[in-house]
Amino acid sequence: MELPALIDHLAKHAPAFSARLQSANLTPEAIRSVEDLEQLPVIRKDDLHSLQASDPPFGGYLTVAPGDLKRIFQSPGPIYDPEPRRPDYWRWAPALQAAGFAAGQVVLNAFGYHLTPAGAMFEEGLWTLGCAVIPGGIGNQEQQIQTLEVTRATGYVGLPSYLKALLDQADASSRSLFLERAFFTAEPLPPSLRALFHEQGLTVRQGYGTAECGNLGYECEQEAGWHVPEEIELAICDINDGRFLPLGETGEIVVTLYNPEYALVRFGTGDLSALTADPCACGRPGMRLLGWQGRAGDAVKVRGMFLHPHQLQKVMSGFEAVQRWQARITREEHKDFLSLRVVAAEGAPAELVDEITLAVRSALKFKAEVEFIPAGELPDDAPPVDDQRQWD
């Protein structure tokens, strides 16, 4: 579907998108080219959350009945993500193919299958290539190692930190694995960890995507940036006014999907990068993203999932005995650790630690180690999240 036809269709069938055009004093006819998209303000995760809260489940952006979808996911926020009934809707097959995945291979999919879309995203891409998928998800490492060994699986998709944990455990128990290649996303791949995988004979590639958009970029054998899929419109935009930035300049990754079922137009991912149009030695056409260069918003990724400060605030406000708090993120041996430093009122019961731990796990799907600290260790103006990780 060409862009003018897409905009006309979405304006007619997605009431919230029509209202968004009107609030920007635009008609569908005003957007006939990619350049015209710059007139439309960028929409972000927080906007989707607000829209969906007031008009559940998809905030008026869906053009079909929910029952006509293939799957419905819930990402942290919460934000509900639709999957229409199309093969490889999230477009990960080309990225996996570039990493060497092919028909007949057995692959462990270690992305989560519970409510969030990553597991299903990569399962669809692997099926499209003709791979057999082990739906491992995260956890049960001993069982996964046994399955990898028995099936002689040669492929892995998931977080790089989780693959390292599997390899370490397999080595500690003298198990023989047959892994040859791996594809990572949702978590940075530091050069030191890439080198460690190379030393073990693994071909590793990484990609970039979001729960809302799927595949937005992937590495080829040159490992020189992320090739942007041809099926989307991706731009680097000023984080303040949304205007398009020239090639090479750093700004927010903003995406438009050619998706007639869901009006995701000018969606700001909150991630920062830059684009290059320089030809890649692999021969693939199109532009490349020059890696992940930070976040524009407050949310941070921990173990492959977004942690939103406003969500933490909502959880912690439910405990009267909590006076101040701060989330701290550290990284050891290529693994993220989340702790909650809490200043509690005098006489707060020891059970409060367990109560907070359970509330964070239940509401945010994060396991955090909670510790009480003296009031003097946490200033009144301390940021809600202290990210101490180093990505070298």
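Structure shown above.
The rules behind the values
Residues numbered from 1 in each chain as written. Predicted model: local features only at pLDDT ≥ 70, side-chain atom pairs only at ≥ 80, totals over all residues. Heavy atoms only, no water. Salt bridge = Lys/Arg side-chain N within 4 Å of Asp/Glu carboxyl O. Helix = DSSP H or I, 4+ residues; strand = E, 2+ residues; numbered from the N terminus. Buried < 20%, exposed > 50% of the residue type's maximum accessible area, 1.4 Å probe, protein only. Core = buried A, V, L, I, M, F, W, Y, C linked by side-chain atoms within 4.5 Å. Arc of directions from axis to C-beta. Contact = heavy atoms within 4.5 Å.

## A few points about the pattern of salt bridges
Right, so step 1: Applying the stated criterion across every chain yields a total of 25 salt bridges.
Right, so step 2: A salt bridge links Arg 44 to Glu 252; the shortest N-O distance between them is 2.6 Å. Highlighted residues: Arg 44 in the loop between helix H2 (15-23) and helix H3 (45-54) and Glu 252 in strand S11 (residues 251-257), separated in sequence by 208 residues.
Right, so step 3: A relative accessible area of 29% places Arg 44 in the partly exposed class.
Right, so step 4: Residue Arg 205 is joined to Glu 223 by a salt bridge in which the shortest nitrogen-to-oxygen separation is 3.0 Å. One end of the pair, Arg 205, is in strand S7 (residues 203-210); the other, Glu 223, is in the loop between strand S8 (214-218) and strand S9 (226-227), and 18 residues separate them in sequence.

## Observations concerning the nonpolar core
Right, so step 1: If you look at the biggest cluster of nonpolar residues, it comprises 44 residues, and the most contacted ones within it are Leu 96, Phe 101, Tyr 156, Val 157, Leu 163, Phe 183 and Phe 197.
Right, so step 2: Within the second largest apolar cluster, 39 residues are counted, among which are Ala 11, Leu 26, Ile 232 and Leu 234.

## Quick look at helix H9 (residues 309-316)
Right, so step 1: Taken together, the buried positions of H9 are Pro 309, Gln 311, Leu 312, Val 315 and Met 316. The arc that holds the buried residues of H9, viewed along the axis, is 155 degrees, so those residues lie on one side.
Right, so step 2: On the buried face of H9, the contacting elements are strand S16 (305-307), strand S17 (322-332), strand S18 (335-344), helix H10 (351-364) and strand S20 (385-387).

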